[in-house]
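# A closer look at the structure
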Amino acid sequence: SSGINAEYGMERILLSKGVGGDDIMLEEEATSTCLNAIKCHVVVQSLLDSNTVREILVVTSRFHIPRARYIFTGLFSSLVSNCGKGDDFLKFYGSPDCFAEESVTAQHLKVEEMCLERLREGKHRVYNEALTTKRCETKRQEQDI
């Protein structure tokens with residue numbers, strides 16, 4: 001093990017690209033991509049309410065982008081449409097990784113494919129519950145308008 005935490009590795013990459021430290025949000029508590037998106041959703045909602053966000057950039061490993069895109073796009077779509085932002089508001093960046101891409105084995109890729117397939121088939125309980133909650137919140141907000 002290199003002893004490098006993935007979140008901090010990604011943060012270093014962003015800092016080296018000129019992104020300000022105050023513009024980076026590290027979510028370190030979640031144990032899955034879905035929980036990560038749910039936890040980020042709350043913070044992003046408050047930032048959008050204060051009109052301080054120009055775009056959201058999700059940084060992850062290259063091999064993980066399809067699943068991250070599916071989850072974040074699904075959970076953030078109502079936020080993006082409610083704030084009047086365009087489709088390019090939520091962006092994804094495949095990090096060159098602080099870990100060698102060669103270390104991503106066929107097994108890792110197979111797990112990613114299986115997870116994405118479960119999401120598409122509606123078989124991911126946490127994601128489905130989060131989507132349902134977000135849809136209910138959106139309907140309540142629309143009724144309040």
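Here, residues in each chain are numbered from 1, in the same order as that chain's written sequence. Restriction of local features to residues with pLDDT of at least 70 applies here, the model being predicted, together with a cutoff of 80 or more for giving and counting side-chain atom pairs; totals for whole chains, interfaces and linings are based on all residues. The basis for every side-chain value is the complete set of heavy atoms in the structure, and neither hydrogens nor water enter the calculation.

## What to know about the packing of helix 3 (residues 65-82) against helix 4 (residues 106-120)
To define axes, lines are fitted to C-alpha atoms, for helices over the stretch in contact only, and angles between the resulting N-to-C directions are given on a 0 to 180 degree scale. Note on conventions: DSSP H or I runs of at least 4 residues are helices, E runs of at least 2 residues are strands, and numbering of each starts at the N terminus. Two elements in contact, helix 3 and helix 4, have axes whose closest approach is 9 Å; the angle formed by their N-to-C orientations is 25°. Classed by the angle they form, the pair helix 3 and helix 4 counts as roughly parallel. For the crossing formed where helix 3 meets helix 4, the hand is left-handed. When helix 3 is examined against helix 4, the residues Pro66, Arg67, Tyr70 and Ile71 are found in contact with a partner set consisting of Glu112, Cys115, Leu116, Leu119 and Arg120. Residues that form the contact of helix 3 with helix 4 fall into these classes: 6 nonpolar, no polar and 3 charged. Just so you know how the angles are binned, under 35 degrees is roughly parallel, over 145 roughly antiparallel, 65 to 115 roughly perpendicular, and the rest oblique. By definition, turning the near helix anticlockwise from the far helix through less than a right angle yields a left-handed crossing, and turning it clockwise yields a right-handed one. By definition, residues are in contact when any of their heavy atoms lie within 4.5 Å. Classification convention: Asp, Glu, Lys, Arg as charged; Ala, Val, Leu, Ile, Met, Phe, Trp, Tyr, Cys, Pro as nonpolar; all other residues, Gly among them, as polar.

## Details of helix 3
Here helix 3 contains 18 residues, and its C-alpha end-to-end distance of 24 Å stays within 8% of the 26 Å for a straight helix at 1.5 Å per residue. A residue's bend is given by the angle between axes fitted to the 7 residues ending at it and the 7 residues starting at it. Approximately 50° is the largest bend angle found in helix 3, and it occurs at Phe76. A 1.4 Å probe rolled over the protein chains alone gives each residue an accessible area, and that area as a share of the maximum for its type sets the label: buried under 20%, exposed over 50%, partly exposed in between. Residues of helix 3 that are buried include every one of Ile65, Arg67, Ala68, Ile71, Phe72, Leu75, Phe76, Ser78, Leu79 and Val80, and no others. Where helix 3 ends, the next residue or the one after it, Gly84, has phi of about 75°, a positive value. To estimate how far a helix should reach, multiply one less than its number of residues by 1.5 Å.

Note that every value here comes from positions in space, so none of it alone points to a role or purpose.
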